[in-house]
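Residue strings, one per chain:
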Amino acid sequence: MGKSELVAEINRLRKEKNAVILAHYYQEEDIQDIADFVGDSLALAKKAAETNADIIVFSGVHFMAETAKIINPNKKVVLPDMRAGCSLADGCPPDAFRKFKEKYPDHTVVTYINCSAEIKTMSDWVCTSSNAKKIINAIPKDQPIIFAPDQNLGKYLMQETGRDMVLWKGSCVVHEAFSIEKLLDLISKYPNAKIAAHPESQTHILKVANYVGSTAGILNYIKTTTETDTFIIATEAGILHKMAQDNPNKVLIPAPVDEDNSCACSECAFMKLNTLEKLYRCLRDESPEIVLDKELIEKALIPIERMLAIS
Ligand code: 13P
Ligand code: SF4
């Protein structure tokens with residue numbers, strides 16, 4: 001099927017089945033263009049919480065679709081490619097995390113939403129990059145904290161909040177790929193450029209950034225900053241689609257990565273497993289579907305609801 005037929009079929013099926021298509025900013029352009037809503041992790045979780053659709057087609061990665069299912073246990077949640085994982089979620093296996101947590105019995109556990117449902121059942125709070133600072137600040141100052149699984153976001157939060165936290169040593173392969181040497185070269189080539197970075201990036205990248213925030217935060221920063229028209233963006237390159245639409249007259253340069261690759265940018269191979277064709281098939285077949293145990297859902301929902309209530 002060609003692109004226009006796929007688009008027509010997706011439009012027909014979503015109406016017929018009362019389905020909503022939610023997509024993350026890192027999805028390929030065709031998916032972002034057809035989605036009912038495109039957002040960052042927090043906005044997508046909120047959207048999932050308020051939808052009246054019978055089927056949620058979650059075009060993002062597995063932990064995001066899983067979160068949508070936890071929030072909507074009675075709805076069908078499908079993901080175009082079940083292999084769309086995440087290095088942060090994969091790098092925090094439940095058994096190892098349980099043992100880690102046992103070493104700090106009096107600590108409050110704050111986990112970044114980029115983790116499995118089972119890790120969420122072991123958490124007091126879930127957070128995203130949009131609300132992490134607010135959540136850490138809401139926990140009494142004398143209460144020790146474990147932050148997992150992203151050590152880069154964790155280090156950034158420690159610096160921002162002045163809190164000492166025990167960190168799980170996970171990271172995002174996409175945001176760790178940026179080269180500080182190449183970024184510094186680029187800054188000297190474009191001395192007027194402002195640098196925006198996602199907090200999953202390493203400390204040396206965040207140090208040179210003028211703005212640090214979630215994908216939605218970065219989009220807002222680029223849109224509202226008027227002192228320059230040139231920006232270097234240190235996050236996954238899928239974000240440039242919306243950014244270019246919002247800012248047709250600004251120069252948007254993706255931050256360079258260590259390894260030479262075709263786009264000279266950082267792309268999330270997990271996110272890019274989803275395609276328009278797979279989205280069509282999963283809407284048509286209502287599969288692959290996210291299926292979770294009832295008890296797991298009930299336990300994982302607690303820290304997610306706590307997060308949504310404060311956000
Ligand atoms: P946000 O959408 O919350 O900024 O997170 C980025 C990310 O890496 C999602 O996997
Ligand atoms: Fe996970 Fe990083 Fe990909 Fe986001 S960009 S899904 S954190 S691997």
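We now turn to the structure provided with this report. Please read all numbers here as calculations on a predicted model, not as lab measurements.

1. Let's talk about the site of ligand 1
In the vicinity of ligand 1 lie 13 residues, with His24, Ser41, His198, Glu200 and Thr215 positioned nearest. In the model, an oxygen atom of ligand 1 is placed 3.4 Å from a nitrogen or oxygen of the asparagine 114 side chain. Glutamate 200 is positioned such that a nitrogen or oxygen atom in its side chain is 3.0 Å from an oxygen atom of ligand 1. In the complex, 96% of the free accessible area of ligand 1, which totals 300 Å², lies under the protein chains. Looking at the shell around ligand 1 residue by residue, the classes come out as four nonpolar, seven polar and two charged.

2. A closer look at the nonpolar core
Counting 68 residues, the largest nonpolar core has Phe58, Ile70, Val110, Phe147 and Ile232 as its most contacted members. Among the elements that make up this core, the one with the highest residue count is helix 4 (residues 62-71) (six residues). If we skip the residues at most four places from it in the chain, valine 110 touches Trp125, Cys127, Ile135, Ile136, Ile139, Ile145, Ile146, Phe147 and Ala148.

3. Brief notes about the packing of aromatic side chains
Scanning the model with the defined rule gives six aromatic pairs in all. Seen in terms of ring centroids, phenylalanine 100 and tyrosine 104 are 5.6 Å apart; in terms of plane orientation they differ by 65 degrees. Their pairing is edge-to-face. Ring centres of tyrosine 221 and phenylalanine 231 lie 6.2 Å apart, and the angle between their planes is 85 degrees; on these two criteria the pair is classed as edge-to-face. Pair noted here: tyrosine 221 is in helix 12 (residues 215-224) and phenylalanine 231 is in strand 11 (residues 230-234), with a separation of ten residues, a long-range link. The burial state of tyrosine 221 is the same as that of phenylalanine 231; both residues are buried. Grouped by ring-pair contacts, the aromatic residues Phe97, Phe100, Tyr104 and Trp168 constitute a single cluster. Sitting above the plane of the phenylalanine 37 ring, lysine 47 keeps its charged end 4.8 Å from the centroid. The ring of tryptophan 125 carries the charged tip of arginine 306 above its face, separated from the ring centre by 5.9 Å.

4. Some words on the sheet that holds strand 6 (residues 125-127)
The four strands are arranged 6-5-7-8 in an open sheet whose pairing can be described as parallel. In this open sheet, the two strands that pair with only one neighbour each are strand 6 and strand 8 (165-167). Geometrically, the sheet is characterised by an average inter-axis angle of 25 degrees between neighbouring strands, direction not taken into account. As paired elements, strand 5 (residues 108-112) and strand 6 share three bridges and run parallel to each other.

5. A word on the pairing of strand 5
One face of the sheet, then the other: side chains in a regular strand alternate in exactly this way. Counting buried positions along strand 5 gives five out of five residues, so the element sits mostly inside the fold. Sheet topology places strand 5 next to strand 7 (residues 145-148); four bridges connect them, and they run parallel. If you follow valine 109 over to strand 7, its bridge partner there is isoleucine 146.

6. Re the state of the cysteines
In protein chemistry, a disulfide is the covalent bond that joins the sulfur atoms of two cysteines. A full pass over the atoms with the stated rule returns one disulfide. Here cysteine 263 engages in a disulfide with cysteine 265; their sulfurs sit 2.0 Å apart. Here cysteine 263 and cysteine 265 share a disulfide; its torsion about the S-S bond, -100 degrees, makes the bridge left-handed. On the accessibility criterion, cysteine 263 (30% relative accessible area) is partly exposed. Take cysteine 265: its relative accessible area is 5%, and that puts it in the buried class. In this model cysteine 282 remains outside any disulfide bridge; the closest cysteine sulfur is found in cysteine 268, 18 Å from its own.

7. Thoughts on the site of ligand 2
Residues in contact with ligand 2, as listed here, are Tyr26, Val61, Cys86, Ser87, Leu88, Asn114, Cys172, Val174, Glu200, Cys268 and Phe270. Class assignment for the residues of the shell around ligand 2 results in eight nonpolar, two polar and one charged.

8. Re the packing of helix 4 against helix 15 (residues 294-310)
When two helices pack together, their arrangement is given by the angle between the helix axes and the distance between those axes. Running from N to C, helix 4 and helix 15 point in directions that differ by 95 degrees, and their axes come no closer than 9 Å. By the angle class used here, helix 4 and helix 15 are roughly perpendicular. The residues of helix 15 that touch helix 4, namely those facing Thr67, Lys69, Ile70 and Ile71, are Ile297, Ala300, Leu301, Ile304 and Leu308. Its residues placed into classes, the contact of helix 4 with helix 15 shows seven nonpolar, one polar and one charged.

9. A closer look at the packing of helix 3 (residues 41-50) against helix 4
It is at 9 Å that the axes of helix 3 and helix 4 come closest, and there the two elements cross at 30 degrees. One element, helix 3, and the other, helix 4, form an angle in the roughly parallel class. Crossing handedness for the pair helix 3 and helix 4: right-handed. Across the interface between the two elements, Ser41, Ala45, Ala48 and Ala49 of helix 3 pack against Met64, Ala68 and Ile71 of helix 4. Within the contact of helix 3 with helix 4, the residues separate by chemical class into six nonpolar, one polar and no charged.

Conventions used here
Residues numbered from 1 in each chain as written. Chains lettered and ligands numbered in written order. Predicted model: local features only at pLDDT ≥ 70, side-chain atom pairs only at ≥ 80, totals over all residues. Heavy atoms only, no water. Near = heavy atom within 4 Å. Polar contact = N/O pair within 3.5 Å; in protein donor to acceptor, adjacent residues only side chain to side chain. Areas by Shrake-Rupley, 256 points an atom, 1.4 Å probe, with all protein chains shown as cover. Nonpolar A, V, L, I, M, F, W, Y, C, P; charged D, E, K, R; others polar. Core = buried A, V, L, I, M, F, W, Y, C linked by side-chain atoms within 4.5 Å. Buried < 20%, exposed > 50% of the residue type's maximum accessible area, 1.4 Å probe, protein only. Helix = DSSP H or I, 4+ residues; strand = E, 2+ residues; numbered from the N terminus. Contact = heavy atoms within 4.5 Å. Phe/Tyr/Trp six-rings, centres within 6.5 Å; stacked < 30°, edge-to-face > 60°. Lys NZ or Arg CZ within 6 Å of the ring centre and 35° of its normal. Pairing = 2+ DSSP bridges. Axes fitted to C-alpha atoms, helices over the stretch in contact; angles between N-to-C directions. Disulfide = S-S within 2.5 Å. Parallel < 35°, antiparallel > 145°, perpendicular 65-115°, else oblique. Left-handed = near helix turned anticlockwise from the far one by under 90°.

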